[in-house]
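# Fold and contact review
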Amino acid sequence: MLSPKLIKSSEWMDDQKASVLFAPFREKSLNPNSWEKKMNFWTSALLECAQSHGDLVMDLKTYRNYFERQGKHPKCLETVLKEMLRTGKLQRMADFERQSSSWMRWGVDTFLRRPVVWGLTQLLATGTSAEDEVFLIPDQVKRKSAEVLAHHHSKVQHEATDNVMEVSAFRAQCLGMLKSEAECDIVLKQLELDRKLLVTRSKDGSMIVKICGQSEARVQPVQELELNIFRIRKVMKCLEQQIETLSEQCDSYTAEAKKLVREQRKTVALHQLRKRRTLQRQIDKKSSCIDTLHDIIHRIEDATSNEMVVKAYESGVSAIRQLTGDVNIDKVDQVLDDLQEVLQEQEDVSEAIAGVSLPGSEVNTDALEKELYDLLAEGPDLPEVPASPPGMRSSSRSPQKNLEYAS
């Protein structure tokens, strides 16, 4: 399946351009621009094709068939793969496998960043064909690894107990998102290289994987508490399998007893029932053990949650102390007293300013009344001065009486 972008491109639709694209590369020195353009086209086409198929690896034979056009296959892809190897867009599977010395231990020195050796020199020097080689697509692998990690985190109910499991259990969890166990191995190794996952072996020989928590930048070494939780879960799983087996045996004894009763062989039927009762007691005992172990797991989860809450309280107390470290009751009282004193001083100043009379601002009431009398005595041309506000009923008193009334 090719991308719509490629199929609709002018290079793919035009027969003449496609003929040039499908032809082997000529010497780059003859036309560097044309060489680069053709290389960029095929590099993008290969990577888009891998993404559309969800492939983590590619090989020359398979991808050559993907790009069949009018019964023809591109004859230049081997050169493209070599260039992609040189630029780091592909990686030889053998080199990827050598990046980790062991799945049994975590060696910091093993995973130090180092120059990538693609093995291109050997490929070119010997003239070996890339026909049968398998190449890793680093960007695709990292993208898929991130998806697998996010999928695991979505299933985690409690980080204290759910991030350590058997490798087989983690594989089963991944297979729903990957095409094969081989791809699962690639993702596991990439997560290990990215320090998001740690694979180790327990004392009983079990292969254990620890996945970093959702809030962690990298996985931490396996703690003894985590190993103990792993052992508890393993015992619970073993007991559940035993109960399942015993239940099947009980069902067979029940069926046999019914058959014997129908055949009038009562004594033998009772013997079958006694065996069933013995197995049932074993089932009850194992079920009780599972319940106890479940309770232990829950208590561990609660203890971890309580520890997180206490640490959060401690952080809150520390933050409050940092913010109020220089504040105490005596200092608060002193600040309040100072504030009251400042406010009182401000009020006194405001009252003092309001009581000041500027020169010439005094009003002589007697002089104003005399001036008014003189104006009224000059004649009837002046309007009558009302003794009450506008809108109120007018009075019949004389101007003199109105003035006396107003005064």
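As a reminder, the structure under discussion sits directly above these lines.
This section reports on the structure supplied with the text.

## Observations concerning unusual backbone geometry
A positive phi is found at Gln70, a non-glycine position, where the angle reads about 55 degrees. Note on placement: Gln70 falls in the loop between α5 (60-66) and α6 (77-87). Although it is not a glycine, Gln264 adopts a positive phi angle of roughly 65 degrees. Within the secondary structure, Gln264 sits in the loop between α13 (224-262) and α14 (266-323).

## A look at the sheet that holds strand β2 (residues 91-92)
Within a sheet, each strand pairs with its neighbour through backbone hydrogen bonds, oriented either parallel or antiparallel. Overall, antiparallel pairing links the 3 strands, which are arranged β1-β3-β2 in an open sheet. Two strands lie at the open edges of the sheet, namely β1 (57-59) and β2, each paired on one side alone. Here 2 bridges tie β2 to strand β3 (residues 134-136), and the two strands are oriented antiparallel to one another. When the sheet's bridge partners are listed, Gln91 is paired in β3 with Leu136.

## Looking at a negative patch on the surface
The grouping of Asp330, Asp333, Asp337, Asp338, Glu341, Glu345, Glu347, Asp348 and Glu351 at the surface amounts to a negative patch. Tracing the backbone shows Asp337 in helix α15 (residues 329-354).

## Considering the environment of Leu90
Mapped onto the fold, Leu90 is located in the loop between α6 and β2. With 32 residues separating them along the chain, Leu90 and Met58 place their C-alpha atoms 8.9 Å apart.

## Overview of the sheet that holds strand β6 (residues 207-211)
A sheet is described by the order of its strands in space; here 3 strands give the open sequence β4-β6-β5, paired in antiparallel fashion. Here the strands that pair on one side only, and so sit at the sheet edges, are β4 (164-166) and β5 (197-201). Looking at each pair of strands side by side, their axes are set apart by 30 degrees on average, direction ignored. Note that β5 and β6 share 5 bridges and pair antiparallel. Bridge pairing in β6 links Leu197 to Ile211.

## Description of helix α12 (residues 181-193)
Between its first and last C-alpha, α12 extends 18 Å over 13 residues, near the 18 Å set by a 1.5 Å rise per residue. α12 sits mainly inside the fold: 10 of its 13 residues count as buried. Those residues of α12 that sit buried are Glu183, Cys184, Ile186, Val187, Leu188, Lys189, Gln190, Leu191, Glu192 and Leu193. Tucked inside the fold, the buried residues of α12 contact β1, α7 (93-98), β3, α9 (138-155), α11 (167-175) and β5. Where α12 terminates, the next one or two residues include Arg195, which has phi positive at roughly 60 degrees.

Quick notes on the rules
- Residues numbered from 1 in each chain as written.
- Predicted model: local features only at pLDDT ≥ 70, side-chain atom pairs only at ≥ 80, totals over all residues.
- Heavy atoms only, no water.
- Helix = DSSP H or I, 4+ residues; strand = E, 2+ residues; numbered from the N terminus.
- Pairing = 2+ DSSP bridges.
- Patch = residues over 30% accessible without salt bridge, like charges linked within 9 Å, V, L, I, M, F, W, Y side chains within 5 Å.
- Areas by Shrake-Rupley, 256 points an atom, 1.4 Å probe, with all protein chains shown as cover.
- Salt bridge = Lys/Arg side-chain N within 4 Å of Asp/Glu carboxyl O.
- Lys, Arg positive; Asp, Glu negative; His and termini not counted.
- Charge placed at Lys NZ, Arg CZ, Asp CG, Glu CD.
- Axes fitted to C-alpha atoms, helices over the stretch in contact; angles between N-to-C directions.
- Expected span 1.5 Å × (residues − 1).
- Buried < 20%, exposed > 50% of the residue type's maximum accessible area, 1.4 Å probe, protein only.
- Contact = heavy atoms within 4.5 Å.

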